[in-house]
Each structure stands twice: as structure tokens, then as C-alpha cells.
Amino acid sequence: QVQPVESGGGLVQAGGSLRLSCAASGRSTSTYSTSWFRQPPEKERIFVARIWSGGSTLYADSVKGRFTVSGDNAKNTVYLQMNNLKPEDTAVYYCQVGGSWGRGTQVTVSS
């Protein structure tokens, strides 16, 4: 069972950038893809981005062109580069690897 751990969240002004990390043990051998989800305050958790082991990616329309998901196999780490952040991006961001969820990292975007 993988143990994903998110990091990199914080407070940023609108238009700024953050890079989230998802460190997951055994990613290279035990997982097919890694996904990012987010849960805004008082709302349901929704899909943000996904990266497969071969490098293919998929993005929600709301973040397409602003967010980039990538991976570093040597470090068993997946990144979510978030640019041009908007207040509506404010949420707890979760990493899902091999069916396991991290505890989330808070991203807050101020106006």
C-alpha cells in the first residue's frame, strides 16, 4: 500500500504560483497513475489533474493552461505546478496514488 504525502501549500495572492508535491513510496512499481483532487470550502472533492506512469496527463477544464502535472520517477514524487492562481482555486488539495489518499495540503488564494 502506497503512502502519499502532499506538501507545498500556502497562502498566495491572485496571479501568483505554487508548486505542490506528492511523495509516494512505491509509485514506480505499484501505481499506474497519480491524480490530484481539490476540495473547496463547503464543497465536494473534485478532480484536478492526472498523470500516468508513461507521462500522459489529463486536466480539468477549470485548470487547463494554468496547472501542469509532472513526475520525477527517481524521487517517487509527482508535482502540480499552479500558475496564475485565482481565488476560486482555494481548496485543500489531495493526492491519490494507488487508491490511497494523502491528508491534503491547504492552498489559499487571496484577491
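The structure under discussion appears in the preceding block.
This structure is a prediction, so every number in the text was calculated from the model and none was measured.

About the cut-offs
Residues numbered from 1 in each chain as written. Predicted model: local features only at pLDDT ≥ 70, side-chain atom pairs only at ≥ 80, totals over all residues. Heavy atoms only, no water. Buried < 20%, exposed > 50% of the residue type's maximum accessible area, 1.4 Å probe, protein only. Helix = DSSP H or I, 4+ residues; strand = E, 2+ residues; numbered from the N terminus. Pairing = 2+ DSSP bridges. Contact = heavy atoms within 4.5 Å. Polar contact = N/O pair within 3.5 Å; in protein donor to acceptor, adjacent residues only side chain to side chain.

### With respect to the pairing of strand 8 (residues 77-82)
Among the 6 residues that make up strand 8, 5 are buried, leaving the element largely enclosed by the rest of the structure. Strand direction decides the pairing type here: strand 3 (residues 18-23) and strand 8, joined by 6 bridges, are antiparallel. Paired with Leu18 across the bridge in strand 8 is Met82. One ladder, built from 6 bridges, connects strand 7 (residues 67-72) with strand 8; its direction is antiparallel.

### Here we look at the environment of Gln81
Structurally, the position occupied by Gln81 is in strand 8. Given a relative accessible area of 27%, Gln81 falls into the partly exposed group. Sequence spacing of Gln81 and Ser56 is 25 residues, and the spatial spacing of their C-alpha atoms is 16 Å. In this structure, Gln81 is in contact with Ser17, Leu18, Arg19, Arg66, Phe67 and Thr68, ignoring residues within four places of it in sequence. Polar contacts involving the side chain of Gln81 include one to the side chain of Asn83, which spans 3.0 Å.

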